[in-house]
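# Coordinate inspection notes
This is what each chain is made of:
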Amino acid sequence: MLRRNFLFLTAFSVATPAFALYDPEPVGEIWLLEGEWHGTLTYNDYSSPGKLVTLKTQLFAALSSPSELVLHYVYDDGPGKTVYSYERMTFQPEGKAVVLASGGSKPSETTYAVVSNTRDGDMRKVIFEDTVGTGTNRFTLEFGPQTFVQKHEEIEGAAAPVFRNEYRFRRAGA
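Residues numbered from 1 in each chain as written. Predicted model: local features only at pLDDT ≥ 70, side-chain atom pairs only at ≥ 80, totals over all residues. Heavy atoms only, no water.

## Notes on the side chain of Asn165
The test is simple: Strands here mean DSSP runs of E at least two residues long; helices mean DSSP runs of H or I at least four residues long; both are numbered from the N terminus. In what follows, residue pairs with any heavy atoms lying within 4.5 Å of each other are defined as contacts.
Assignment of secondary structure puts Asn165 in strand 10 (residues 162-171). Setting aside anything within four residues of it in sequence, one finds Asn165 in contact with Leu41, Thr42, Tyr43, Gln150, Lys151 and His152.

Next comes the structure, spelled out in structure tokens:
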């Protein structure tokens, strides 16, 4: 009896097709952002407008789903002072919006409309914006195999954009 059950189970396992579970590929080309990056953060100091501050920065990026990029920043803020930041970018599959969430001490989440998504050679450029009152928050991502730049500007009415910050990264080891 035991032998017959064993033969039955063996025959059944051979006759059943194997099911492979495959997730969809990443949206757009966000897979290019995965990995370790080294560079800088330059920001407009809120306490002294017009004064730019630059910090040496590392970025670790990973996909947590086909449309979500998790970002972990490590900033060198002077001798013996290291600062951390966490963000999540979720790219809507239709390419019409990006949800930017921060996961630090003050969690927040904002949905931005994609206003431009272009390619020039091996570089992708995505611009997304959110209207706040009479102003606009604009983010520009430019990325390729070895370069990642993220710029944040604020625009009030018809005035020229005001620089808030810019990350400039090169892929680690490049």
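## Things to note about the layout of surface pockets
Rolled over the atoms, a probe as big as a water molecule pinpoints where empty space is left. Basically, it comes down to this: Each cavity reported here is a set of points on a 1 Å grid over the protein atoms alone in which a 1.4 Å probe fits but cannot get out, each pocket an open set with protein on both sides within 12 Å along at least five of seven lines, and each lining residue one with an atom within 4 Å of a point. Grid points are joined across faces, edges and corners, and a volume is the space filled by probe spheres set on the points. Residues are grouped as follows: Ala, Val, Leu, Ile, Met, Phe, Trp, Tyr, Cys and Pro are nonpolar; Asp, Glu, Lys and Arg are charged; all remaining types, including Gly, are polar.
Space inside the largest pocket adds up to approximately 860 Å³. If you trace the largest pocket, you find 31 residues lining it, with Ser85, Glu87, Ser102, Asn165 and Tyr167 closest to the centre. Residue assignment for the lining of the largest pocket shows that the elements contributing at least two residues are strand 1 (35-44), strand 4 (82-91), strand 5 (97-102), strand 6 (108-120), strand 8 (135-143), strand 9 (147-156) and strand 10. Per element, the largest residue contribution to the lining of the largest pocket is five residues, and it comes from strand 4. Taken together, the residues of the lining of the largest pocket break down into 13 nonpolar, 12 polar and six charged. In this structure, the second largest pocket occupies an estimated 220 Å³ of space. Val27, Gly28, Phe91, Gly95 and Asn117 are, among the 15 residues lining the second largest pocket, the residues nearest its centre. Listed by contribution, the elements that provide at least two residues to the lining of the second largest pocket are strand 6 and strand 7 (123-132).

## Some thoughts on the sheet that holds strand 10
To keep it simple, the criterion reads: Two strands make a pair as long as DSSP finds a minimum of two bridges between them. Each axis is a line fitted through C-alpha atoms, and for a helix only the stretch in contact is used; angles between axes span 0 to 180 degrees, taken between their N-to-C directions.
Spatial ordering of the closed barrel is given by 1-2-3-4-5-6-7-8-9-10, a layout of 10 strands whose pairing is antiparallel. Going from strand to strand, the sheet's axes swing by 25 degrees on average, the running direction of each strand aside. Summarising the sheet, strand 1 and strand 2 (residues 52-65) pair through 10 bridges and their orientation is antiparallel. Bridge assignment links Glu36 to a residue of strand 2, and that residue is Phe60.

## Considering the pattern of salt bridges
Let me state the cut-off plainly: Any Lys or Arg side-chain nitrogen found within 4 Å of a carboxyl oxygen on Asp or Glu counts as a salt bridge. Only protein chains enter the area calculation, which uses a 1.4 Å probe; residues under 20% of their type maximum are buried, those over 50% are exposed, and those in between are partly exposed.
Under the criterion given, the structure shown has 10 salt bridges. In this structure, the salt-bridge partner of Glu29 is Arg119, at a minimum N-O distance of 2.4 Å. Residue Glu29 is located in the loop between helix 1 (2-15) and strand 1, and its partner Arg119 is located in strand 6; the two are separated by 90 residues in the primary sequence. A relative accessible area of 17% places Glu29 in the buried class. By relative accessible area, which is 42% here, Arg119 ends up partly exposed. Between Arg88 and Glu68 there is a salt bridge, with the nearest N and O atoms lying 3.2 Å from each other. Here Arg88 is found in strand 4, whereas its partner Glu68 is found in strand 3 (residues 68-76), with 20 residues between them in sequence. Owing to a relative accessible area of 32%, Arg88 belongs among the partly exposed residues under this scheme. Put simply, Glu129, Arg138, Lys151 and Glu153 are held in one network by salt bridges that share partners.

Purely geometric stuff here, so don't read any function into it on its own.
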